[in-house]
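Okay, here's what each chain looks like letter by letter:
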Amino acid sequence: MQKNDTKASEGWVRIKSTALLVLADGTVIKGKGIGKVNIIEAEVCFNTAMTGYEEILTDPSYTGQIVTFTFPHIGNVGTNHEDIETLNPANSFCAVGAIFKADITRPSNYRSIENFDAWLKARGIIGLSGIDTRALTTLIRKKGALNAIIAHNPRGNFDIEMLKKRAASWHGLKGLDLASGVSCEQPQHWNETPWIWNKGYGEEKKREYHIIAIDYGVKRNILRLLAALNAKVTIVPARTSAEDILAMKPDGIFLSNGPGDPAASASYAVPIITKLIESGTPLFGICLGHQMLALASGAKTVKMYQGHHGANHPVKDVHSGKVEIVSMNHGFMVDTKTLPTNVEETHISLFDGSNCGIRLKSKPVFSVQYHPEASPGPQDSHHLFRHFLELIKNYKRVT
């Protein structure tokens, strides 16, 4: 017997599977382990995108979550250095687990430089493959986002009873401030612009405007699109004071995406945002930034039953009637019923009618719940960055 077999009386069991997903209700799902060898608590969600697994798994907004991919073939185009979304490529703040139906195959793409399994190991992400992801997705749809344990042990040794207890006792994402933990530690500048086929990323040199991006877990492609507005972009930590931000003389201020419960991060973020709104500086928020703006305006946020995660979500502009196909990644939302009279709803989800955008009636301030920097449409929502630029130009004319 192996030495771990002696612990059978303590709950240790040897099974053929090398990875487990243990849900808070006691459900145990067995599969093949890949990526990091580890055990961690997290929330399980599902993502309906057919492409972009590297961007998804390095999005800081997924911190504290396990992503179930509904598309069966994940990892077959390998990985590269260009598709990382986290601000710091060495940063491990991202999804902690990933679940796939099919085994990872050898990469087949001219841009690939590393096998997906090696990439998962390097980033500390636990993987589970060979399970019925349709059944798991159906379970999440019925029961909502689930607290769970994901575990990988190449020898198949698991203390299942201990894992069940850990899963059942984990507190979940509600009430957690994760934004300050993933934010940058010092201000930094950004000048990289969007990727061009066979040329790579560019560099913005005009810099006619100055945009401050408050980092709650910002994605790199958002920063690229901001820089492409002929802007010098300065990224600042989440807790940077409004006084310090305004002292940099910004022409526009951006509130980034990020992880965790917005109500938990509001204790330090809302006072800052409130002062920035009062300054009259144009302000644009995305995802967590949208939720923070709503809280600063007097609205409330709530935990969603299962969240919205994918690249095929229809969103409607309530004024023009235009429908955009967008990328989404959020487990909390703005409660429309709590919007004050000076805040107008601008966009709604056509899946469930939930709020997807707001603007302040008396200030050059707006935000959206979805990710306009992504390309599912492929660029249906890039006009929002141009709208932000128009607000900046108008602001500069009068100041």
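Structure: above.
Residues numbered from 1 in each chain as written. Predicted model: local features only at pLDDT ≥ 70, side-chain atom pairs only at ≥ 80, totals over all residues. Heavy atoms only, no water.

Peer 1: Describe helix α8 (residues 262–278), listing the residues and the values that go with them.
Peer 2: Counting along an α-helix, one turn takes 3.6 residues, and residues three or four places apart therefore face a common direction. With 17 residues, α8 should cover 24 Å at 1.5 Å per step; its first-to-last C-alpha distance of 21 Å lies more than 12% under that length. The sharpest bend along α8 measures roughly 60 degrees and falls at Tyr 268, with the proline Pro 271 sitting one to four residues further on. Buried within α8 are the following residues: Pro 262, Ala 264, Ser 265, Ala 266, Tyr 268, Ala 269, Val 270, Ile 272, Ile 273, Leu 276 and Ile 277. Between the side-chain oxygen of the N-cap and the backbone nitrogen of Ala 263 there are 2.9 Å, and the N-cap of α8 in question is Asp 261. Note on α8: the residue one or two positions beyond its end, Gly 280, has a positive phi of about 85 degrees. (Helix = DSSP H or I, 4+ residues; strand = E, 2+ residues; numbered from the N terminus. Expected span 1.5 Å × (residues − 1). Bend = angle between axes of the 7 residues up to and from the residue. Buried < 20%, exposed > 50% of the residue type's maximum accessible area, 1.4 Å probe, protein only. Polar contact = N/O pair within 3.5 Å; in protein donor to acceptor, adjacent residues only side chain to side chain.)

Peer 1: Explain helix α3 (residues 133–143) to me, using residue names and the numbers behind them.
Peer 2: Looking at α3, one finds that the buried residues are Thr 133, Leu 136, Thr 137 and Ile 140. The buried residues of α3 occupy one face: seen down the axis, they fall within an arc of 100 degrees. Relative to its buried face, α3 has exposed residues pointing more than 90 degrees away, namely Arg 134, Arg 141 and Lys 142. Where α3 begins, the capping side chain belongs to Asp 132, and its oxygen is found 3.1 Å from the backbone nitrogen of Arg 134. (Arc of directions from axis to C-beta.)

Peer 1: Describe in detail the nonpolar core, supporting the description with residues and values.
Peer 2: Within the largest apolar cluster, 33 residues are counted, with the highest numbers of intra-cluster contacts made by Leu 226, Val 233, Phe 254 and Phe 284. When residues of this core are traced back to their parent elements, those giving at least two are β13 (209–215), α6 (220–227), β14 (231–237), β16 (283–286), β18 (323–334), β21 (365–368) and α10 (383–398). At 6 residues, the largest contribution of residues to this core is made by α10. The contact partners of Phe 254, leaving out residues within four places of it in the chain, are Ile 211, Ile 212, Ala 213, Ile 214, Val 218, Ile 222, Leu 226, Phe 284, Gly 285 and Ile 286. Within the second largest apolar cluster, 32 residues are counted, among which are Val 236, Ala 266, Ala 269 and Leu 293. (Core = buried A, V, L, I, M, F, W, Y, C linked by side-chain atoms within 4.5 Å. Contact = heavy atoms within 4.5 Å.)

Peer 1: Explain the pattern of salt bridges to me, using residue names and the numbers behind them.
Peer 2: Scanning the model with the defined rule gives 17 salt bridges in all. In this structure, the salt-bridge partner of Asp 83 is Arg 111, at a minimum N-O distance of 3.1 Å. With Asp 83 in the loop between β5 (65–69) and β6 (97–99) and Arg 111 in the loop between β6 and α2 (116–123), this pair connects stretches of sequence that are 28 residues apart. In this structure Asp 83 comes out as buried when scored by relative accessible area, which is 15%. Across the pair Glu 192 and Arg 224 runs a salt bridge whose closest N-O atoms are separated by 2.8 Å. Here the residue Glu 192 occupies a position in strand β11 (residues 192–196), and Arg 224 occupies one in helix α6, the gap between them amounting to 32 residues. By relative accessible area, which is 22% here, Glu 192 ends up partly exposed. (Salt bridge = Lys/Arg side-chain N within 4 Å of Asp/Glu carboxyl O.)

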